[in-house]
Amino acid sequence: MKKIILLIMSLFIFATSLMSDEQIALKEHFLNKIDKVVSILEQKDIDKVTRDSEIVKSLTPMFDFELMAKLSLGKVWRTLSKTQQQNFIKLYVERMKQSYSSKIDAYSNEKVEITKIKQPKNNRIELVSNLVSKTEKLEILYKFWKPKDTKKDKDNWLIYDVVIIGVSILKTDKAQFREFLQTKTIDDLMIQLAQK
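Calculation criteria
Sequence positions are assigned chain by chain, starting from 1 and proceeding in written order. Only residues with pLDDT of 70 or above have their local features reported here, since the model is predicted, and side-chain atom pairs are shown and tallied only from 80 upward, although totals for entire chains, interfaces and linings are computed over all residues. To obtain the side-chain values, all non-hydrogen atoms of the structure were included, while hydrogens and water were left out. Numbered from the N terminus, helices here are DSSP runs of H or I no shorter than four residues, and strands are runs of E no shorter than two. The rule is simple: take the accessible area with a 1.4 Å probe, protein chains only, and divide by the maximum for that residue type; under 20% is buried, over 50% is exposed, in between is partly exposed. Here a residue-residue contact requires only that any non-hydrogen atoms of the pair lie within 4.5 Å. For helices, the fitted axis covers only the stretch in contact; all axes are lines through C-alpha atoms, and the angles between them, taken along N-to-C directions, range from 0 to 180 degrees. In what follows, roughly perpendicular refers to angles from 65 to 115 degrees, roughly parallel to angles under 35, roughly antiparallel to angles over 145, and oblique to any angle outside these ranges. Crossing handedness is read from the near helix: turned anticlockwise from the far helix by less than a right angle, it gives a left-handed crossing, and turned clockwise, a right-handed one. Classes in brief: Ala, Val, Leu, Ile, Met, Phe, Trp, Tyr, Cys and Pro nonpolar; Asp, Glu, Lys and Arg charged; the others, Gly included, polar. Two strands are counted as paired when DSSP detects at least two bridges linking them. The rule for a salt bridge is simple: a side-chain nitrogen of Lys or Arg has to be within 4 Å of a carboxyl oxygen of Asp or Glu. Joining through side-chain atoms within 4.5 Å is the link that ties buried Ala, Val, Leu, Ile, Met, Phe, Trp, Tyr and Cys residues into a set, and such a set is a nonpolar core.

Participant: Run through the overall build of the protein, naming residues and quoting values.
Facilitator: Each helix and strand counted, the protein has six helices and five strands in total. In the protein, the order of α-helices and β-strands from amino to carboxyl end is α-α-α-α-β-β-β-β-β-α-α. For the protein, the proportion of its 196 residues judged to be buried stands at 36%. Summarising the internal contacts of the protein: among those between residues at least 6 apart in sequence, 50% fall at separations of at least 24.

Next up, the structure:
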């Protein structure tokens, strides 16, 4: 009986150690990405279009835009044809990239610090961070998941939601799309997304 208890305890310690190692690796990878973005922002000799393009290119491997697109539509996703799904993903990804590009202009030497790391499941990690400026701290939670199979041109851990001061980007999109689709069609939604 003692041997079984020792075995269980050693397995638990080993699993906890692995989780801790993955958390540290993800934190370092995330901060390296932020450093890269900051270094691009600090380059004075590149134009805005090139700058934004380089930043989006740097961050894209860290995001699972396809999953975000699916989750934002909820049950409606399963009713779409393959063509509609592919079109919606393209439009959703473009919308997200434009959103990030517009927020880049607001950057003014803020620093990112990780305050906490949570791992609610083996394949889920949450990085709690503060965006620190001279006058305030803005809490941002990044939710990551780890797919069983690594996706092409993607990181091992992928962001599927960002929560800013308690407001989830994914839940906000889902609520907006659900309200829109109560009176209009998915094709109407895609037309609207294409116009932005």
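Participant: Please set out the packing of helix H3 (residues 65-73) against helix H5 (residues 169-181) residue by residue, giving values where relevant.
Facilitator: Packed helices, taken two at a time, are described by the angle between their axes plus the distance between the axes. Axis separation between H3 and H5 bottoms out at 7 Å; the angle between their running directions is 45 degrees. Comparing their axes, H5 and H3 come out oblique. Note that H3 runs across H5; the crossing there is right-handed. Note on element contacts: H5 touches H3 through Leu 170, Asp 173, Lys 174, Phe 177 and Leu 181, opposite Met 68, Leu 71, Ser 72 and Leu 73. Among the residues making up the contact of H3 with H5, the classes are represented as six nonpolar, one polar and two charged.

Participant: Lay out the sheet that holds strand E1 (residues 111-121) in plain terms, naming residues and giving numbers.
Facilitator: Spatially, E1-E2-E3-E4-E5 is the arrangement adopted by the five strands of the open sheet, whose pairing is antiparallel. What marks the edges here is a single partner per strand, and that holds for E1 and strand E5 (167-168). As defined by bridge partners, E1 adjoins strand E2 (residues 124-132) across eight bridges and the pair is classed as antiparallel. For Ile 117, the partnering residue across the bridge sits in E2 and is Leu 127.

Participant: Lay out the pattern of salt bridges with the relevant residues and their values.
Facilitator: One pass over the full model with this rule turns up seven salt bridges. In this structure, Lys 151 engages Asp 64 in a salt bridge whose closest nitrogen and oxygen atoms are separated by 2.9 Å. In this pair, Lys 151 is assigned in the loop between strand E3 (137-145) and strand E4 (158-164) and Asp 64 in the loop between helix H2 (48-59) and H3, connecting sequence segments 87 residues apart. For Lys 151, a relative accessible area of 30% translates into the label partly exposed. Between Glu 113 and Lys 137 there is a salt bridge, with its nearest N and O atoms 3.7 Å apart. One end of the pair, Glu 113, is in strand E1; the other, Lys 137, is in strand E3, and 24 residues separate them in sequence. Residues joined by salt bridges that share partners form a network here, namely Lys 48, Arg 51 and Asp 52.

Participant: Tell me about unusual backbone geometry, residues and numbers included.
Facilitator: One non-glycine residue with positive phi stands out, namely Asp 153, at about 60 degrees. Note that Asp 153 resides in the loop between E3 and E4. Backbone geometry at Ile 165 places phi at a positive 45 degrees, although glycine is not the residue there. Relative to the assigned elements, Ile 165 resides in the loop between E4 and E5.

Participant: Kindly report on the environment of Ser 129, identifying the contributing residues and their values.
Facilitator: Following the sequence through the fold, Ser 129 ends up in strand E2. On the basis of relative accessibility, which here comes to 1%, the residue Ser 129 falls in the buried class. Put simply, Ser 129 and Glu 113 are 16 residues apart on the chain and 5.4 Å apart in space, counted from C-alpha to C-alpha. Leaving out residues up to four positions away in the same chain, Ser 129 has contacts with Val 112, Glu 113, Ile 114, Thr 115, Leu 138, Glu 139, Ile 140 and Tyr 142.

Participant: Explain the environment of Glu 54 to me, and be specific about the residues and the numbers.
Facilitator: Position of Glu 54 relative to the elements: it lies in helix H2. The spatial distance from the C-alpha of Glu 54 to the C-alpha of Ile 40 is 7.5 Å, given a sequence separation of 14 residues.

Participant: Can you explain the nonpolar core? Please cite residues and give values.
Facilitator: Judged by nonpolar contacts, the single largest core of 44 residues is most densely connected at Phe 63, Phe 88 and Phe 144. The biggest single contributor to this core is helix H4 (residues 82-104), with eight residues. Once residues lying within four places of it in the same chain are set aside, the contact partners of Phe 63 are Met 68, Tyr 100, Lys 154, Leu 158, Ile 159 and Val 162.

Participant: Tell me about the environment of Val 76, residues and numbers included.
Facilitator: Along the chain, Val 76 falls in the loop between H3 and H4. C-alpha of Val 76 to C-alpha of Ile 186: the two residues are 110 residues apart in sequence and 8.7 Å apart in space.

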